[in-house]
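Residue-level structure breakdown
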Amino acid sequence: MPAPVPPPPSPPLAAVEDAPSEQPVSGAGHRLRITLLMAGSCLPILGAVLIAPVLPRMRDHFAGTPGVEALVPMALTIPALSLALLAPFAGVVVDRLGRKRLLVIATALYAVVGTAPLWLDSLGAIVASRALVGAVEAAIMTCCTTLIGDYYSGRQRDRYLAMQTMCASISATAFFVLGGAAGSAGWRTPFWAYAVSLLLAPAMAAFLPRPRPTGTTTVPSSVAPADPTTVPAPTPAPAASSEPAGRSFPWRPLAGTCALTVFGAVLFYTVQVEMAFLLDDMGVTDPGTIGLAIAASSLATVIGAVVFTRLGRTPDAWLPAVFALCALGFAVIWLAPGPVVLTVGAMINCFGGGIMLPSLLTLALSKLDYADRGRGTGLWTGSFFIGQFVCPLVVLALTSAVGSLAGALGVLALAGSVGAVALGLAGRRRVPLTAS
């Protein structure tokens, strides 16, 4: 794992030769472990999309409640806001209480607060329970990502961070279909799906090993442990490159990555949130056609995440090109003469997003040692979901300013291009400084 200072795009050969060899973790226990972590990572996606198809029925049920037009949509969006605000605090708890313990507790609580609307008759109480869902999701997402950083290193870690993005994209589509099918039996029915975490919690308690810190994690290395109940954190670098014992939390480098993550999340989620409205503006109203276009863009995200695993070890080098890809997708959508070209633009944007998200997470983890990983991961997770939450607000403001939704995406194309150029210039400045 790189040191908590900005690394050069390509590490010197001597540094690579001095580093311990990377030994990927494998075996049946590893496969079960990563399955549980991916399943846990999908739970916040469940909270984000599962009830979307039943919102109209929910609104009709509470038609006599004051403020129903605002409260019902809030039931869908407030978990993301709660997650964004609380993930940094969850990260602090992760480092103090322990990753595995908090994950098991939060996963069990997820079933309790997630199924609460099955028994609640007050819309206000339901919205409050949804806020608690977001709080528990903050702990789950932070713990799962932190444990991936603890268990794995190097290219293997990169693959599993990319797999998180792939699982999120695939599960979002699956949960939306599940919510629609279950909603046909009543607006409360989809909430039963939250009970699945009661199966995950005991499995996590039984089969996830407790990571064991081994010191400052400055060089990627992961080994299969002899003790099945513990997994050592990545091997420390030689003493010459270790940080002092009183090293402070890397606020400054992580702050830049988190700010970039907020911006990147806006670029990524805009197409997913606005795709149906863009097609509707072009006269496409058939739900099947709209669903096919959204599925195509989701597939592009998955392909992008797969490509990420083949690109190498340092995301600094390709982030400018990735932001440029997202900007190009926005530009194609902005200028699209019809729905087919618009869908192509959406796929270009989402392909870039599929590479961008795991790249930003890898960049954040590269700045964190074992003792800081929970807090740092929580800050990154909060930044990501803040971007997701403000995305519709940003698009709404831009649409009001320029007069059309397509024009708003044209502004985002310009913003993405500026971001790509800035990242490229920043990367060029770091190279001479590192070489000297």
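Everything that follows concerns the structure shown earlier in this document.
A brief look at the structure comes next. (Residues numbered from 1 in each chain as written. Predicted model: local features only at pLDDT ≥ 70, side-chain atom pairs only at ≥ 80, totals over all residues. Heavy atoms only, no water.)

Observations concerning the nonpolar core
Note the cut-off: By nonpolar core we mean a set of buried residues, namely Ala, Val, Leu, Ile, Met, Phe, Trp, Tyr and Cys, connected to one another through side-chain atoms within 4.5 Å. Buried means the residue's accessible area, taken with a 1.4 Å probe over protein chains only, is under 20% of the maximum for its type, while exposed means over 50%, and partly exposed covers the values in between. Labels follow the DSSP assignment, with helices taken as runs of H or I lasting at least four residues and strands as runs of E lasting at least two, numbered in each case from the N terminus. Any two residues whose heavy atoms approach within 4.5 Å at even a single point are treated as in contact.
One finds Leu37, Met58 and Leu103 to be the most contacted residues of the largest nonpolar core, which totals 112 residues. No other element matches helix H6 (residues 123-151), which puts 14 residues into this core. With sequence-adjacent residues up to four places away left out, leucine 103 is seen in contact with Leu37, Ile140, Cys143, Cys144, Leu147, Met204 and Leu208.

Describing helix H9 (residues 251-281)
We count it as follows: Here, expected helix span is obtained from the residue count minus one, scaled by 1.5 Å. Note that the bend at a residue is defined as the angle between axes fitted to the seven residues ending at it and the seven residues starting at it.
Relative to the 45 Å expected for 31 residues at 1.5 Å per residue, H9 spans 44 Å between its end C-alpha atoms, a close match to the ideal helical length. Of all the bends in H9, the greatest, near 55 degrees, is centred on glutamate 274. Two residues or fewer after H9 comes glycine 283, characterised by a positive phi angle close to 90 degrees.

Some words on the pattern of salt bridges
This is how the line gets drawn: Salt bridges are defined by distance alone: a side-chain nitrogen of Lys or Arg within 4 Å of a carboxyl oxygen of Asp or Glu.
Throughout the structure, instances matching the rule amount to five salt bridges. A salt bridge links arginine 99 to aspartate 95, with the nearest nitrogen and oxygen atoms 3.0 Å apart. Judged by its relative accessible area of 24%, aspartate 95 falls in the partly exposed class. With a shortest N-O distance of 2.6 Å, aspartate 150 and arginine 99 are connected by a salt bridge. Of this pair, aspartate 150 sits in helix H6 while arginine 99 is found in helix H5 (residues 99-114), placing the two residues 51 residues apart along the sequence. Pair check on accessibility: aspartate 150 and arginine 99 agree, each one buried. Several salt bridges share partner residues, and in doing so they unite Asp95, Arg99, Asp150 and Arg373 into one network.

Brief notes about the environment of histidine 61
Inspection of the secondary structure puts histidine 61 in helix H3 (residues 55-61). Residues histidine 61 and tryptophan 187 lie 126 residues apart in sequence; the distance between their C-alpha atoms is 8.6 Å.

Some details on the side chain of serine 359
Turning to its location among the elements, serine 359 is positioned in helix H12 (residues 339-365). On the basis of relative accessibility, which here comes to 0%, the residue serine 359 falls in the buried class. Apart from residues no more than four positions distant in its own chain, serine 359 is found in contact with Phe308, Pro315, Trp318 and Leu319.

With respect to the layout of surface pockets
As a reminder of what qualifies: Points on a 1 Å grid over protein atoms alone make up a cavity when a 1.4 Å probe fits among them but cannot get out, and a pocket when they form an open set with protein on both sides within 12 Å along at least five of seven lines; lining residues each have an atom within 4 Å of a point. Grid points are joined across faces, edges and corners, and a volume is the space filled by probe spheres set on the points. The nonpolar class holds Ala, Val, Leu, Ile, Met, Phe, Trp, Tyr, Cys and Pro. Asp, Glu, Lys and Arg form the charged class, and all remaining residues, Gly among them, are polar.
Considering only enclosed or pocket space, the largest pocket measures out at about 1700 Å³ in volume. Of all the secondary-structure elements, those providing two or more residues to the lining of the largest pocket are helix H2 (28-49), helix H4 (68-97), H6, helix H7 (154-183), H9, helix H10 (287-308), H12 and helix H13 (370-402). When the residues that make up the lining of the largest pocket are grouped by side-chain class, the tally is 36 nonpolar, 12 polar and two charged.

A few points about the packing of aromatic side chains
Using the following cut-off: Two rings from Phe, Tyr or Trp (for Trp, the six-membered ring) form a pair when their centres are within 6.5 Å of each other. A pair whose planes differ by under 30 degrees is stacked, one over 60 is edge-to-face, and the rest are tilted.
Counted by the stated rule, this structure contains 13 aromatic pairs. Seen in terms of ring centroids, phenylalanine 62 and tryptophan 187 are 5.5 Å apart; in terms of plane orientation they differ by 65 degrees. Their pairing is edge-to-face. Highlighted residues: phenylalanine 62 in the loop between H3 and H4 and tryptophan 187 in the loop between H7 and helix H8 (197-207), separated in sequence by 125 residues. Here the two residues phenylalanine 62 and tryptophan 187 agree in accessibility, since each one is buried. When the centroid spacing of 5.5 Å and the interplanar angle of 5 degrees are considered together, the rings of tryptophan 380 and phenylalanine 384 count as stacked. Residue tryptophan 380 and its partner phenylalanine 384 are located together in helix H13, separated by four residues, close to a single helical turn. Like phenylalanine 384, tryptophan 380 is buried. Through a chain of ring-to-ring contacts, three or more aromatic side chains come together here, namely Phe62, Tyr110, Trp187, Phe191 and Tyr194.

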